[in-house]
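# Structural features, examined
Spelled out, the chains give:
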Amino acid sequence: MDHNNILAAVLAGGKSKRFGKDKSQVKLGDKILIDYVLTEIIDFYKDILIVTNEPIKFLDSNKISLTSDIKKNLGPLGGVYSAMKWVRDNKKDYQWISTFPIDTPFFKKEYLIKFYKDVDLEKSNLFFMKSKNTRHNIFGLWSLELFEKLEVALKKGDRKVELWANKIGVKTIDFEHENNKDPFFNINTEKELETAKKLLNDD
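On a predicted model such as this, the values are computed, not experimentally measured, just so you know. (Residues numbered from 1 in each chain as written. Predicted model: local features only at pLDDT ≥ 70, side-chain atom pairs only at ≥ 80, totals over all residues. Heavy atoms only, no water.)

Pairing is possible between side chains of opposite charge, provided their charged atoms come close. Scanning all chains against the criterion turns up ten salt bridges. The salt bridge involving Asp103 is made with Lys23; its shortest N-O contact spans 2.8 Å. Taken together, the positions of Asp103 in the loop between strand S6 (96–100) and helix H3 (109–118) and Lys23 in the loop between strand S1 (6–11) and strand S2 (27–28) put the pair 80 residues apart, joining distant regions of the chain. One exposure class covers both Asp103 and Lys23, and it is buried. The shortest N-O distance in the salt bridge between Arg135 and Glu162 comes to 3.6 Å. You can see Arg135 sitting in strand S8 (residues 134–143) and its partner Glu162 sitting in helix H5 (residues 161–168), a full 27 residues away along the chain. The exposure class of Glu162 is partly exposed, given its relative accessible area of 35%. (Salt bridge = Lys/Arg side-chain N within 4 Å of Asp/Glu carboxyl O. Helix = DSSP H or I, 4+ residues; strand = E, 2+ residues; numbered from the N terminus. Buried < 20%, exposed > 50% of the residue type's maximum accessible area, 1.4 Å probe, protein only.)

This is the structure:
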């Protein structure tokens with residue numbers, strides 16, 4: 001797969017309601033949470049786009065651009081749509097968008113390498129990662145050909161990535177992991193942050 005055809009989009013526009021504050025800015029070890037995923041993906045792409053509706057701190061790199069959601073309260077689907085619109089508005093040549101969450105500190109680049117190796121672009125316009133029978137809908141690869149369908153869906157009121165993906169058709173790439181540090185472990189609460197701290201200290 002040609003990485004030059006892919007824009008990385010980090011979806012940081014959520015309200016972090018369960019956490020109580022912007023979890024992208026929460027410190028874990030020596031980094032804020034958003035910088036964990038940025039560190040892993042920074043070398044893969046020409047451009048990384050962070051979709052955020054608030055001023056935030058993040059890894060210093062001239063590869064990183066910011067955009068806000070076209071309209072707030074549309075959830076992750078709105079974030080994907082906003083990233084696609086950024087591609088169009090800025091006349092970028094990207095044909096695909098790879099999406100990432102900001103709350104999975106144990107995700108590593110080797111999973112991204114496997115994902116791209118196993119994806120067959122002829123089979124679908126949408127791919128998600130999957131592990132232990134759980135589909136990780138924010139770790140996705142989205143064709144820009146989905147732009148109009150996504151626009152219509154958002155206008156109709158669709159908000160759930162899971163339901164919309166099932167409706168249009170999606171392929172999954174399965175992963176296995178043996179250790180305690182689930183690469184897809186995500187932090188939604190203070191309790192999960194404390195768990196992440198313990199896992200981090202196990203190194």
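Of all hydrophobic cores here, the largest spans 32 residues; its most connected members are Val10, Tyr45, Phe100, Leu112 and Phe115. Secondary structure elements with two or more residues in this core: S1, helix H1 (33–41), strand S4 (48–51), S6, H3, strand S7 (126–131), S8 and strand S9 (171–175). By size, the runner-up hydrophobic cluster in this structure holds 28 residues, among which are Leu7, Ala83, Leu154 and Ala165. (Core = buried A, V, L, I, M, F, W, Y, C linked by side-chain atoms within 4.5 Å.)

Moving on to the confidence of the model for the chain. Averaged over all residues, the pLDDT of the chain is 91; the fraction at 70 or higher stands at 95%. The element-level mean pLDDT for the chain is lowest in helix H6 (residues 190–201), coming to 90, with S6 highest at 98. (pLDDT = per-residue confidence, 0-100.)

This paragraph deals with the sheet that holds S9. One open sheet holds the seven strands; their spatial order is S5-S4-S1-S6-S8-S7-S9, and the pairing between them is mixed. The open sheet terminates on both sides in strands that have one partner only, identified here as strand S5 (64–67) and S9. Adjacent strand axes in the sheet meet at a mean angle of 30°, parallel and antiparallel pairs treated alike. In the packing of H1 onto the sheet, contacts are made with S1, S4, S5 and S6, and the angle to S1 comes to roughly 170°. Those strands touched by H3 are S1, S6, S7, S8 and S9, and its axis lies near 135° from that of S9. (Pairing = 2+ DSSP bridges. Axes fitted to C-alpha atoms, helices over the stretch in contact; angles between N-to-C directions. Contact = heavy atoms within 4.5 Å.)

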